[in-house]
Amino acid sequence: MLQPSAVGRRLFLVLLGAAVLWTGTAHAATGILAVGDFGVGGTTEREMGLAMKRFEANHPAALLLTLGDNDYTESPSAFHRNWTASFGWLGSAGLRVAGTLGNHDIRVDGGRYEYDELDMPGTHYRRTAGNVTFFILNSNRVNSFQTEWLKKVLPASTAKWKIVVFHHPAWTCGGYRSNTAIVQTWVPLFERYGVQLVLNGHDHNYQRFAPRRGVRYIVHGGGGQHLYPIEQCPASYPTRKFARAAHGFLYLRATDSQLRVSSVTRRRTVIDTVVIYP
């Protein structure tokens, strides 16, 4: 039997090492759609669902994330009809769903009637898509139970991208202002445990803020409800870098080297993009 030469063995080991290195570090890009304050039903919700479907056809996504106020009708049967009519395409397109509860969602049965369609195991939970882990909270109740949960799951996570999602913004300057309880209780945990991005709805517009101690905040509540005007922010807030009162949604694209977040209008025009690095 022929024995490989020393040079041949070294070449084989080099190639094997390169193969192991490549398979261990390369990840495909992960796309995520996000929409908030969209559950108005009727033509408006259907048009938003269709816009997102057409956008996703050219911008592949693995997950649809809701930012709360998924249902303004306060009717479980109407919610089911509207969701199916507007977003029934998700399954055939291969998208999972991760729902977040807003203030309108909890008015009937604490929002439990939405759990099935929005694939929610409860009011707060984790959901992973590719190299992104979402930590989804119920900001209707900024309580010690969720706070202690955050203290456990955030430092334990080894995800490349840690994104926290809840409805009421930590920072916003439109129809609403900063949520004091969130700023005092949860924001320090985001800063301490390496969260790169926080996504919120509630204010019916789009706002992107500069990083505050390493954490970037984006608000998008323009999913379909009437829009709120953009107003000046207090000096104590993180600097707001871009804002627009427009209907639309978010598209996130995550690789190991960057997280790109774009604001897309209902006409599928990108009006703002930011790139975040690890």
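No experiment lies behind these values; they were computed from the predicted model shown.

Asker: Any chance you could explain the overall build of the protein here in plain terms?
Answerer: In terms of helices and strands, the protein carries 7 helices and 13 strands. For 278 residues, the compact-globule formula gives about 19 Å, and the C-alpha radius of gyration of the protein, at 21 Å, lands near that figure. For the C-alpha atoms alone, the extent of the protein along its principal axes is close to 80 × 40 × 35 Å. Within the protein, the fraction of its 278 residues that count as buried is 52%. Expressed as a percentage of contacts within the protein between residues at least 6 apart in sequence, the contacts between residues at least 24 apart total 68%.

Asker: I keep staring at the pairing of strand E11 (residues 248–254) and nothing clicks. Help me out?
Answerer: Within a regular strand, side chains alternate between the sheet's two faces. Among the 7 residues of E11, 6 are classified as buried, and the element is accordingly described as predominantly covered. As paired elements, strand E1 (residues 30–35) and E11 share 5 bridges and run antiparallel to each other. Within E11, the position partnered with isoleucine 32 by the bridge is leucine 252. Sheet analysis places E11 next to strand E12 (residues 259–265), joined by 7 bridges and oriented antiparallel. Within E12, the residue paired with alanine 254 across the bridge is leucine 259. Between E11 and E12, which pair antiparallel and follow one another directly, the connecting turn spans 4 residues.

Asker: Help me understand the pattern of salt bridges in this model?
Answerer: Opposite charge on two side chains allows them to pair when their charged atoms are near. Overall, the coordinates contain 9 salt bridges when judged by the stated rule. Where arginine 212 meets glutamate 191, a salt bridge forms, and the shortest distance between an N and an O atom there is 2.4 Å. One end of the pair, arginine 212, is in the loop between strand E8 (206–209) and strand E9 (216–220); the other, glutamate 191, is in helix H7 (residues 187–192), and 21 residues separate them in sequence. The structure contains a network of salt bridges with shared partners spanning Arg96, Asp119 and Arg127.

Asker: Honestly, helix H5 (residues 144–156) in this entry has me stumped. Any pointers?
Answerer: Note: α-helices contain 3.6 residues per turn, so residues at a spacing of three or four share the same orientation. With 13 residues, H5 extends 19 Å from end C-alpha to end C-alpha; this agrees with the ideal 18 Å at 1.5 Å per step. Its buried side turned inward, H5 meets strand E4 (125–129), strand E5 (132–136), strand E6 (161–165), helix H6 (180–185) and H7.

Asker: Teacher, can you tell me more about the side chain of glutamine 196 here?
Answerer: Structurally, glutamine 196 can be placed in the loop between H7 and strand E7 (197–200). A distance of 2.9 Å separates a polar side-chain atom of glutamine 196 from the backbone oxygen of lysine 160. Contacts of glutamine 196, omitting those with residues within four sequence positions, involve Lys160, Trp161, Lys162, Gly214, Val215, Arg216 and Ile276.

Calculation notes
Residues numbered from 1 in each chain as written. Predicted model: local features only at pLDDT ≥ 70, side-chain atom pairs only at ≥ 80, totals over all residues. Heavy atoms only, no water. Helix = DSSP H or I, 4+ residues; strand = E, 2+ residues; numbered from the N terminus. Rg over C-alpha atoms; globule rule 2.2 N^0.38 Å. Buried < 20%, exposed > 50% of the residue type's maximum accessible area, 1.4 Å probe, protein only. Contact = heavy atoms within 4.5 Å. Pairing = 2+ DSSP bridges. Salt bridge = Lys/Arg side-chain N within 4 Å of Asp/Glu carboxyl O. Expected span 1.5 Å × (residues − 1). Polar contact = N/O pair within 3.5 Å; in protein donor to acceptor, adjacent residues only side chain to side chain.

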